[in-house]
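Okay, here's what each chain looks like letter by letter:
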Amino acid sequence: GAVVSQHPSRVICKSGTSVKIECRSLDFQATTMFWYRQFPKQSLMLMATSNEGSKATYEQGVEKDKFLINHASLTLSTLTVTSAHPEDSSFYICSARDRPGGLQETQYFGPGTRLLVL
Amino acid sequence: RKEVEQDPGPFNVPEGATVAFNCTYSNSASQSFFWYRQDCRKEPKLLMSVYSSGNEDGRFTAQLNRASQYISLLIRDSKLSDSATYLCVVRLTDSWGKLQFGAGTQVVVTP
């Protein structure tokens, strides 16, 4: 099956610093990538939808200036958490869609990135 | 109210037994339905899609009731390796095909 990678797998940073997370589709072209966040014991919450070559669409309540998303190529999207604070500590997961439309089109998930902000 | 609701469990199941649990969704325009499995501190992985007529995949059976807006998953002959959190997932009819996740039902299979 399709493989999506994320880097880094975990990161610890100081409050106020910025952290960049990469999401790559390894064997397919992903026109759309999604960024999720998951707090302990809670569901995955969609943060934004990213399309290659265009601006990301953010979900209500997600600050676009704090969570910068760049989808510069069909295989790479990045999420930058700017001026991170302890409440940003979470599990960040990306997913990539391998073809647009289709009733059973599949999203492939990356392994996630654990962010801990001290 | 949450868009997708699940009983968090845990459901403690003896090895070899059958366990079943449901999920309800609020958006009647939901288009597609899935069960994902998530192991501790890992990403979700697709377990199976849920079709209108119900479907089986080995020991797993999924049912969809559109009128009542609920989805069920039944696991027969539970294995220790079935211990995980099972996420009910609904795909909306928007152009992006966004997914909405339930918080998951934890299943613990015991020897």
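This is a predicted model, so every value here is computed, not measured.

**Student:** Give me the lowdown on the state of the cysteines, citing residues and values where you can.
**Tutor:** Tallying each qualifying case throughout the model produces two disulfides over all chains. What pairs with Cys23(A) in a disulfide is Cys94(A), and their sulfur atoms sit 2.0 Å apart. Residues Cys23(A) and Cys94(A) share a disulfide whose torsion about the S-S bond is about 80°; that sign makes it right-handed. Of this pair, Cys23(A) sits in strand 3 (residues 19-25) while Cys94(A) sits in strand 9 (residues 90-97), placing them 71 residues apart in sequence. Accessibility assignment for this pair places Cys23(A) and Cys94(A) in one class, buried. There is no disulfide at Cys13(A), and the cysteine sulfur nearest it, in Cys94(A), is 18 Å away. No disulfide involves Cys40(B); its nearest neighbouring cysteine sulfur is the one of Cys94(A), lying 20 Å away.

**Student:** Provide a residue-level description of the packing of aromatic side chains, including the pertinent values.
**Tutor:** Here the structure, examined in full by the defined rule, presents twelve aromatic pairs over all chains. For the ring pair Tyr36(A) and Phe101(B), a centre distance of 5.5 Å and an interplane angle of 85° mean the geometry is edge-to-face. Here Tyr36(A) is found in strand 4 (residues 32-38), whereas its partner Phe101(B) is found in strand 10 (residues 99-101) on a different chain. Here Tyr36(A) matches Phe101(B) in class, with each residue buried. The ring of Phe67(A) carries Lys66(A) above its face, with NZ or CZ at 5.9 Å from the centroid.

What counts and how
- Residues numbered from 1 in each chain as written.
- Chains lettered and ligands numbered in written order.
- Predicted model: local features only at pLDDT ≥ 70, side-chain atom pairs only at ≥ 80, totals over all residues.
- Heavy atoms only, no water.
- Disulfide = S-S within 2.5 Å.
- Helix = DSSP H or I, 4+ residues; strand = E, 2+ residues; numbered from the N terminus.
- Buried < 20%, exposed > 50% of the residue type's maximum accessible area, 1.4 Å probe, protein only.
- Phe/Tyr/Trp six-rings, centres within 6.5 Å; stacked < 30°, edge-to-face > 60°.
- Lys NZ or Arg CZ within 6 Å of the ring centre and 35° of its normal.

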